[in-house]
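Here is how the chains run, residue by residue.
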Amino acid sequence: MRRTGLQREVVEFYRKCLRLHWKNQRPHFVAFVRHEFRSHAKSIEVKDFNTIEYMLRRGKKQLETLGGSSVMDINVKMFKS
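Residues numbered from 1 in each chain as written. Predicted model: local features only at pLDDT ≥ 70, side-chain atom pairs only at ≥ 80, totals over all residues. Heavy atoms only, no water.

Draft legend 1. A look at the packing of helix H2 (residues 27-43) against helix H3 (residues 49-66). The contact between H2 and H3 brings their axes to 13 Å, and the two run at 170 degrees. On the basis of the axis angle, H2 is roughly antiparallel to H3. Contacts from Phe29, Phe32 and His40 in H2 reach Met55, Arg58, Gln62 and Leu66 in H3. Of the residues in the contact of H2 with H3, the class split is 4 nonpolar, 2 polar and 1 charged. (Axes fitted to C-alpha atoms, helices over the stretch in contact; angles between N-to-C directions. Helix = DSSP H or I, 4+ residues; strand = E, 2+ residues; numbered from the N terminus. Parallel < 35°, antiparallel > 145°, perpendicular 65-115°, else oblique. Contact = heavy atoms within 4.5 Å. Nonpolar A, V, L, I, M, F, W, Y, C, P; charged D, E, K, R; others polar.)

Quick look at the structure:
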């Protein structure tokens, strides 16, 4: 299946997030990334390009903040839907 440019960008960003936090051995961050992507994937329509682009920009800013060495851990409270 061929992906659009936006789909490729989302997948690349997801993998970048996982690699960064996996490499730094922060398992709570990996759980946080997975939870964030899965929860938003369920709530955003595939054709809603503006929202997807907004979420990508927001995620990149969040990655800058959480990817810094000053952040040691994150508390993830996941709810079953």
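So that's the structure; there's more coming.
Draft legend 2. Looking closely at the packing of helix H1 (residues 5-23) against H2. Running from amino to carboxyl end, H1 crosses H2 at an angle of 160 degrees, the nearest separation of the two axes being 8 Å. Taken together, the axes of H1 and H2 are roughly antiparallel relative to one another. Every pair of crossing elements has a handedness; the one defined by H1 and H2 is right-handed. Across from Val10, Phe13, Tyr14, Cys17, Leu18, His21 and Trp22 in H1, the residues of H2 making contact are Phe29, Val30, Val33, Arg34 and Phe37. Residues that form the contact of H1 with H2 fall into these classes: 10 nonpolar, 1 polar and 1 charged. (Left-handed = near helix turned anticlockwise from the far one by under 90°.)

Draft legend 3. Representation of the layout of surface pockets in the model. What the largest pocket holds in volume is close to 860 Å³. Lining the largest pocket are 31 residues, and of these Val10, Phe37, His40, Ala41 and Ile52 lie nearest its centre. At the level of elements, H1, H2 and H3 are the ones that each hand at least two residues to the lining of the largest pocket. In terms of residue count, the dominant contributor to the lining of the largest pocket is H3 (9 residues). Split into classes, the residues belonging to the lining of the largest pocket amount to 19 nonpolar, 6 polar and 6 charged. (1 Å grid on protein atoms, 1.4 Å probe; cavity = no way out; pocket = protein on both sides within 12 Å on 5 of 7 lines; lining within 4 Å. Points joined across faces, edges and corners; volume = space filled by probe spheres on them.)

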